[in-house]
Amino acid sequence: MTAPFIADAETLAKAQPSRPRPTLRVLTCGSVDDGKSTLVGRLLYERQLIFDDQLAALRSDSLRHGTLGEEIDFALLVDGLEAEREQGITIDVAYRYFSTPARSFILADAPGHEQYTRNMATGASNAELAILLVDARKGLLTQTRRHATIASLLGVRHIVLAVNKMDLVDYDEAVFERIVGEFESVAASLAFRSVEAIPISARDGDNVVADSANMPWRDGPSLLTYLENADVETDGGDAPLRLPVQWVNRRSDAFRGFAGAIASGRLQVGDEIVAAASGRKTTIARIVAMGGDLFSAAAPDSVMVTFADEIDASRGDVLCHPTNRPNVADQFAAHLIWMSDESLLPGRSYLMKINGRSLAASVTDIKHKLDVDTGAKSAAKTLSLNEIGFCNVATAAPVAFDSYDENRTTGAFILIDRFSNATAAAGIIAFPLRRATNIHLQEQSVSKATRARLKHQTPAVLWFTGLSGAGKSTIANLVESKLVERHAHTLMLDGDNVRHGLNKDLGFTEADRVENIRRVGEVAKLMVDAGLIVLCAFISPFRAERRMVRTLVGEQEFIEIFIDAPLDVCKERDPKGLYKRALAGEIKNFTGVDQPYEAPEFPELKVSSAERSAEAIADQIIAYLEANGMLGV
Amino acid sequence: MPLTPHLRRLEAEAVFILREAVAEFRRPVMLYSIGKDSSVMLHLALKAFYPAKPPFPLLHVDTTWKFREMIAFRDQTAARVEMELIVHTNEDGRKRGVSPFTCSSSAYTQAMKTEALRQALNEGGFDAAFGGARRDEEKSRAKERIFSHRTASHGWDPKTQRPELWRIFNTRLGAGETMRIFPLSNWTETDVWDYIAAENIPVVPLYLAKERPVVRRNGAYIMVDDERFPLAPDEVVESRRVRFRTLGCYPLTGAIESEADTLEAIIAEMRQASTSERQGRLIDFDESASMERKKREGYF
């Protein structure tokens, strides 16, 4: 922590009321019932920002849902959703807007309940200052520490510690000082640049807009005065240039404009710039705008530039000056805030969105889980909803990024679940991993194509998926025999056999099943490089993992064969007696019994083993390979 | 007049949102409702894609009960900006004679606005629709995302909204699902008028005070815009100097008495106002949470 508690006089001296300060984005947070919504309602009311018709609706709502009898319950002004009003809690982030002659404000009111922590993080992601409310009677709570930690992690550098409900502790200065002291020790391990503590009563308005007569011992500005003058100047314009390309405007052959919002820094016509990923250089020719070209622009402007040379840049590239470039790597360390009900599975392929680019990514290692209540770090195999972990992340291709500490735009990403499309995690990049920047692929003199040519075949992975008992191994064995008859070079990887060797350390939990498939995928890829036709027979119940292997091996060389058989038929067959044991509860996590099977949506081949013989199906697969020119090349 | 830093930041954000949607969606459309917010949104779109035209059509859901001046302004605007304009009316509702005079305001809104919008989005095969709604308008809107996900039946579920961090929008859609996108989410009514003044954006003259024929009904002045207006026996049409803070279907839109006949006067008047702009919207007052219910069903 650099500058713990800035003196009030110093802050005020820096203020220049004559010049309007830039819009301030404020987050209100703190534990449930500490009075956040009441404070926001009070601020709007005191500034006469509640209109007569809204006030009339509020009065009638207060009688119906309110907790203060005849009095106006300001919390109802912001708790807008029906479920919130019924339960008397804030579920979602609400945005409020108000202006004073000195400044415009955007307030994000974040929920206090633990199960909505992801929404708190959402509110914090765009905030410059956070008002952290504490109930004077209760002092710091677990949730207070949690919110302080999340705010700090998401780059909020300025905190107002609003000690609320002072009226209920007789406006006692000692109570206030004790809480401030406690918070100092919490803040010591966090990254705040300034902390201002203010004793208030949101319900009665003490120290909210005007100084409180009830707390003469308080020597400092009211909350609103402090917010109007708070200096949260980021070094936006002086920071290195980062312009992620958002959209390429190809109006005609002659015009090619690169559009994007400047994340940091400034640029002007004639500047030499670089597309970070490719390292290609060019010069800014024009900054195009409807009212006439501009000569220069700075963050946070949205611009459209043209280049002096034809260089290839597309959505997701980051433009920068040659002397100060972002990292470009395919592995980095990052904090993940898990936001999905479905837990993180290391190795699973997620969709990452970073600087406008979408690409496959996976978590390769969870280094530790962060206990936001105590700051303690512990080992973890997965992350569940609302948990925060420090992880190694790998992307399918190198991407340009900065550390989040340096840039809140180019250092942030989200992970999306490929099948539910839910936002699974928020990512905060710490640093690139050395091995990504230093290890270059060994260039080999004998290529995959050379090896394949020698074998007169096109190498590929035949991936047999389906329920246990569907006939995957039987059919794969038949196909392999027929291939060998045709002098093809093959290799068979079978679920049971692999688990006796390579994967004997793995069980059948969801996480282990993912790792099982990942290893098989890597082996299959090596064998394809060797020029072989690889037959893989695995239940592989999850679409995400099959997609992971498809991505790993390459779309052209991955042939997904869905051996379809109704569950009843498989149970009936039960060649290894496994269904019987699973149904008796002797085997856990058995596909089709207590773990789902996600059928392929677009397999290259789908065959029904209930309707046709294994022999006929094997012939059909051989015919498919011949039709696609994969044999006897 | 140069933009203030506040407006410049809002403009940059809205342009970013418009471009993001065009980069991510297959077939976006802009809901153009002719009012001041739509005028600002359209102007921002012209700026965002210049020198190209915005790469999407405009869509107006015509209830057949809009002010005549709005329709004239709509057609002039489409011609001026040289963009495709799709006008859609719920023909089934028209045949059944659904009108604000014969139905409850919620039944009318359901048929001629919500249902009509669903039809138009389905017919056009649009996967994303821009709307000019602002979070400061109404409580449930204050909690809506900028990129707001809709189910295949165009419903909104406030409890399963995706977290929206930084400016990284999750734009993924399942089969049949769509996205509503609100570039003006962070704008206030004051911001909209300040921007209109600064950028000299044309707006429907109904926003400016003028002598207009009105009747007093349910405590509001309703303009008698055409001969379809059924007068009650005790109602008298009078001429008053009025203007509108918000524009919708004329039988459901209350006018306010005003002398403000210039943009500057409107802005000055608004800064003094003691009622919210939606006060003139008769459809919002069915119940306190009525907007949230309409939105769940697919209303914009």
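Check the entry above for the structure.
All of these numbers come straight from a predicted model, not from anything done at the bench.

Reading guide: rules and limits
- Residues numbered from 1 in each chain as written.
- Chains lettered and ligands numbered in written order.
- Predicted model: local features only at pLDDT ≥ 70, side-chain atom pairs only at ≥ 80, totals over all residues.
- Heavy atoms only, no water.
- Phe/Tyr/Trp six-rings, centres within 6.5 Å; stacked < 30°, edge-to-face > 60°.
- Helix = DSSP H or I, 4+ residues; strand = E, 2+ residues; numbered from the N terminus.
- Buried < 20%, exposed > 50% of the residue type's maximum accessible area, 1.4 Å probe, protein only.
- Lys NZ or Arg CZ within 6 Å of the ring centre and 35° of its normal.
- Expected span 1.5 Å × (residues − 1).
- Pairing = 2+ DSSP bridges.
- Axes fitted to C-alpha atoms, helices over the stretch in contact; angles between N-to-C directions.
- Contact = heavy atoms within 4.5 Å.
- Salt bridge = Lys/Arg side-chain N within 4 Å of Asp/Glu carboxyl O.
- Parallel < 35°, antiparallel > 145°, perpendicular 65-115°, else oblique.
- Left-handed = near helix turned anticlockwise from the far one by under 90°.
- Nonpolar A, V, L, I, M, F, W, Y, C, P; charged D, E, K, R; others polar.

Draft legend 1. Broad picture of the packing of aromatic side chains. Residue and element names in this part refer to chain B. Applying the stated criterion across every chain yields a total of 23 aromatic pairs over all chains. Summarising the aromatic geometry, the rings of Phe-25 and Phe-147 are spaced 6.5 Å apart at their centres and angled 20 degrees between planes, so their arrangement reads as stacked. In this pair, Phe-25 sits in the loop between α1 (5–24) and β1 (28–31) while Phe-147 sits in strand β5 (residues 147–150), placing the two residues 122 residues apart along the sequence. For the pair formed by Phe-25 and Phe-147, the shared burial category is buried. Taken together, Trp-65, Phe-67, Phe-229, Phe-244 and Tyr-250 form an aromatic cluster joined through their ring pairs. The lysine or arginine in question, Arg-167, covers the ring of Phe-16, its NZ or CZ lying 4.3 Å from the ring centre.

Draft legend 2. Just helix α2 (residues 36–49) of chain B, in detail. End to end, α2 of chain B covers 20 Å across 14 residues, agreeing with the expected 20 Å (1.5 Å per residue, within 8%). For α2 of chain B, the buried fraction is high: 13 of the 14 residues fall into the buried class.

Draft legend 3. Quick look at the sheet that holds strand β1 (residues 24–30) of chain A. Residues and elements named next belong to chain A. In space, the six strands of this open sheet follow the order β2-β3-β1-β4-β5-β6, with mixed pairing throughout. Each end of this open sheet is capped by a strand with a single partner; those strands are β2 (94–100) and β6 (194–199). Adjacent strand axes in the sheet meet at a mean angle of 25 degrees, parallel and antiparallel pairs treated alike. Along the sheet, helix α6 (residues 117–125) contacts β1, β2 and β3 (103–109); its crossing angle with β1, the most-contacted strand, is approximately 155 degrees.

Draft legend 4. Representation of the pattern of salt bridges in the model. All names here are of chain A. Under the definition given, this model contains 50 salt bridges over all chains. A salt bridge links Arg-218 to Glu-196; the shortest N-O distance between them is 3.5 Å. Taken together, the residues span a long stretch of sequence, with Arg-218 in the loop between β6 and α9 (223–229) and Glu-196 in strand β6 at a distance of 22 residues. With respect to class, Arg-218 is no different from Glu-196; both count as buried. With its nearest N and O atoms 3.0 Å apart, the salt bridge here joins Glu-604 to Arg-550. Separated by 54 residues along the polypeptide, Glu-604 in the loop between α17 (578–583) and β27 (605–608) and Arg-550 in helix α15 (residues 543–553) bring together distant segments of the chain. Look at Arg-550 and you get buried, because its relative accessible area is 8%. Through salt bridges with shared partners, one network takes in Arg-546, Arg-550, Glu-555, Glu-560 and Glu-604.

Draft legend 5. Fine view of unusual backbone geometry. Across the junction of Ala-299 of chain A and Pro-300 of chain A, the peptide omega takes the value 5 degrees, indicating a cis bond. Looking at where Pro-300 of chain A falls in the secondary structure, it is placed in the loop between β13 (296–298) and β14 (302–307). Cis geometry marks the peptide bond from Tyr-50 of chain B to Pro-51 of chain B; its omega dihedral reads 5 degrees. One can find Pro-51 of chain B in the loop between α2 and β2 (58–61). One non-glycine residue, Ile-34 of chain B, adopts positive backbone phi at about 80 degrees.

Draft legend 6. Main features of the packing of helix α6 (residues 189–199) of chain B against helix α7 (residues 263–272) of chain B. All names here are of chain B. Packing of α6 against α7 leaves a shortest axis separation of 10 Å and a crossing angle of 165 degrees. In this view, α6 runs roughly antiparallel relative to α7, as classed from their interaxial angle. Crossing handedness for the pair α6 and α7: left-handed. Within the contact between the two elements, α6 uses Glu-189, Thr-190, Trp-193, Asp-194, Ile-196 and Ala-197 and α7 uses Leu-263, Ile-266, Ile-267, Met-270 and Arg-271. Taken together, the residues that form the contact of α6 with α7 break down as seven nonpolar, one polar and three charged.

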